[in-house]
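Structural overview for review
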Amino acid sequence: MQITAFKSRYSHYEYVVMPFRVMNAPTVFMDYMNKIFRPWLDKFVVVFIDDILIYSKTGEEHADHLRVVLKILRDHQLYGKLSKCEFWLEEVQFLGHVISAKGIVVDPTKIETVLN
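A few points on the structure.

What counts and how
Residues numbered from 1 in each chain as written. Predicted model: local features only at pLDDT ≥ 70, side-chain atom pairs only at ≥ 80, totals over all residues. Heavy atoms only, no water. Pairing = 2+ DSSP bridges. Helix = DSSP H or I, 4+ residues; strand = E, 2+ residues; numbered from the N terminus. Axes fitted to C-alpha atoms, helices over the stretch in contact; angles between N-to-C directions. Core = buried A, V, L, I, M, F, W, Y, C linked by side-chain atoms within 4.5 Å. Buried < 20%, exposed > 50% of the residue type's maximum accessible area, 1.4 Å probe, protein only. Contact = heavy atoms within 4.5 Å.

**Some details on the sheet that holds strand S6 (residues 97-100)**
- Taking strand neighbours across the sheet as the criterion, the three strands line up as S5-S6-S7 in an open arrangement whose pairing is antiparallel. Edge strands, defined here as strands with exactly one partner in the open sheet, are strand S5 (91-94) and strand S7 (103-106). Adjacent strand axes in the sheet meet at a mean angle of 25 degrees when their direction is disregarded.
- Direction of pairing for S5 relative to S6: antiparallel, over a ladder of four bridges. Considered in S6, the bridge of Phe94 is made with His97.

Spelled out as structure tokens, the structure:
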């Protein structure tokens, strides 16, 4: 990671992971995710920090999109925790919205909180 690289008189060193307590770690990671997914952003992928939303019109298309995203992650040595992954959902809550084939609406729980 070039941002945290340092040099001693013996060698040049670069972290291979983000070190703890680096204040801009979320920004650097978000920039990296946007960089590796750039060709597909807003075509079938939306990324927010470590949340990846894959959307498609058909099941076959979705399988292809899922393969592309998983391959990109593997190629860049990024890994998801299977217990935190959800696949093949008809409706998903993402960044305060509910997204489905019917469209995008504000998450009703967010509206309820404001009303109360």
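**A word on the nonpolar core**
- Ranked by size, the top nonpolar core spans twelve residues in total: Met33, Ile36, Phe37, Phe44, Val45, Val47, Ile54, Leu66, Val69, Ile72, Leu73 and Leu78.
- Of all the secondary-structure elements, those providing two or more residues to this core are helix H1 (25-37), strand S3 (45-48) and helix H2 (59-75).
- Ranked by residue count, the leading element in this core is H2, at four residues.
- Those residues in contact with Leu73 that lie beyond four places of it in its chain are Met33, Phe37, Ile52 and Leu78.

**Things to note about the environment of Phe87**
- Note that Phe87 resides in the loop between H2 and S5.
- On the basis of relative accessible area, Phe87 is assigned to the partly exposed category, the value being 37%.
- C-alpha of Phe87 to C-alpha of Ile54: the two residues are 33 residues apart in sequence and 9.3 Å apart in space.
- When residues no more than four places from it in sequence are discounted, the contact partners of Phe87 are Leu66 and Leu82.

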